[in-house]
Amino acid sequence: MKFVIATKNPHKVLEFERILTPLGIEAVSQEALGITAEAPEDAGTFAGNSLQKAMAVHLASGLPTLADDSGLEVDALGGRPGVYSARYGGPGLTDAERYQKLLQEMEGVGERRARFVAAITLVFSAEKHYSFTGICEGKIGYGPMGEGGFGYDPIFLVGDRSFSQISGAEKDAVSHRGKALRELAEALPDILEIV
């Protein structure tokens with residue numbers, strides 16, 4: 001079975017592939033299919049934005065579509081950047097510029113609890129869609145650590161290591177996206193019987 005991944009982020013596609021391939025599901029990016037559809041991402045929640053993205057690409061492809069909306073919630077910042085994580089600080093910023101902005105806002109702050117949240121939506125049709133949520137608790141470091149990962153990974157710590165310092169398999173085992181995809185994987189046999 002083939003699922004279209006509604007993202008233009010190659011890092012996210014790789015994470016989906018690592019988890020879906022062992023389930024016998026081929027993950028193909030929307031770009032590989034030449035799909036340029038975009039959603040407004042104005043729902044105000046991770047789940048709402050995820051549904052918007054999956055529905056837009058499903059309507060363009062006609063194939064089962066998976067989308068995620070994910071972000072970082074920092075307690076000391078009142079939950080920011082939240083659903084605006086990818087756009088934090090305004091358009092045109094690099095990942096490094098975004099996390100440096102966040103680190104500047106956290107200067108002198110002792111309470112550094114944070115979490116990554118991912119909402120993943122699988123769309124088969126306008127009537128048949130399913131959502132799954134994963135949360136990974138951690139904290140914000142005092143500076144970037146590691147060379148891997150993407151987005152806020154260099155400053156998000158689980159234990160004493162950042163997401164940029166652990167392997168893909170280690171990250172999948174604890175990450176927000178990994179947890180949401182495992183929920184999807186557990187539910188998928190029952191879902192496929194319905195659709």
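Residues numbered from 1 in each chain as written. Predicted model: local features only at pLDDT ≥ 70, side-chain atom pairs only at ≥ 80, totals over all residues. Heavy atoms only, no water.

Caption draft 1: Up close: the nonpolar core. Formed by 18 residues in total, the largest nonpolar core has its most connected members in Leu20, Leu66 and Leu184. At the level of secondary structure, the elements contributing two or more residues to this core comprise β1 (2-5), α1 (10-20), β4 (113-123) and α5 (176-194). Top contributing element to this core by residue count: α5, with 5 residues. Among residues more than four places away in sequence, those in contact with Leu184 are Leu20, Leu66, Leu122 and Phe132. Among the nonpolar cores identified, the runner-up in size contains 17 residues, and Leu72, Leu103, Ile155 and Ile166 belong to it. (Core = buried A, V, L, I, M, F, W, Y, C linked by side-chain atoms within 4.5 Å. Buried < 20%, exposed > 50% of the residue type's maximum accessible area, 1.4 Å probe, protein only. Helix = DSSP H or I, 4+ residues; strand = E, 2+ residues; numbered from the N terminus. Contact = heavy atoms within 4.5 Å.)

Caption draft 2: Summary view of unusual backbone geometry. A cis amide bond links Arg80 to the next residue, Pro81, at an omega of 0°. Along the chain, the position of Pro81 falls in the loop between β3 (65-74) and α3 (95-105). Backbone geometry places Glu41, a non-glycine residue, at a positive phi of 50°.

Caption draft 3: Representation of the sheet that holds strand β2 (residues 26-29) within the structure. Here we have 7 strands laid out as an open sheet, ordered β2-β1-β3-β4-β5-β6-β7, and mixed in their pairing. Where the open sheet ends on each side, the last strands, each with one partner, are β2 and β7 (161-162). Examined bridge by bridge, β4 and strand β5 (residues 129-140) share 11 bridges and lie antiparallel to one another. Its bridge partner being in β5, Thr121 is matched across the sheet by Ser131. Relative to β3, α1 is tilted by about 115°, and along the sheet it contacts β1, β2, β3 and β4. (Pairing = 2+ DSSP bridges. Axes fitted to C-alpha atoms, helices over the stretch in contact; angles between N-to-C directions.)

Caption draft 4: Fine view of a nonpolar patch on the surface. A cluster of nonpolar side chains, contributed by Met1, Leu192, Ile194 and Val195, occupies part of the molecular surface with about 360 Å² of accessible area. Note on placement: Val195 falls in the segment after α5. (Patch = residues over 30% accessible without salt bridge, like charges linked within 9 Å, V, L, I, M, F, W, Y side chains within 5 Å. Areas by Shrake-Rupley, 256 points an atom, 1.4 Å probe, with all protein chains shown as cover. Salt bridge = Lys/Arg side-chain N within 4 Å of Asp/Glu carboxyl O.)

Caption draft 5: Quick look at the packing of α1 against α5. Contact geometry for α1 and α5: axes closest at 10 Å, N-to-C directions at 40°. Considered as vectors, α1 and α5 are oriented oblique to each other. Seen from above, α1 lies across α5 with right-handed handedness. Mapping the contact onto sequence places Lys12, Glu15, Phe16, Ile19 and Leu20 in α1 and Arg177, Gly178, Leu181 and Leu184 in α5. Classifying every residue of the contact of α1 with α5 gives 5 nonpolar, 1 polar and 3 charged. (Parallel < 35°, antiparallel > 145°, perpendicular 65-115°, else oblique. Left-handed = near helix turned anticlockwise from the far one by under 90°. Nonpolar A, V, L, I, M, F, W, Y, C, P; charged D, E, K, R; others polar.)

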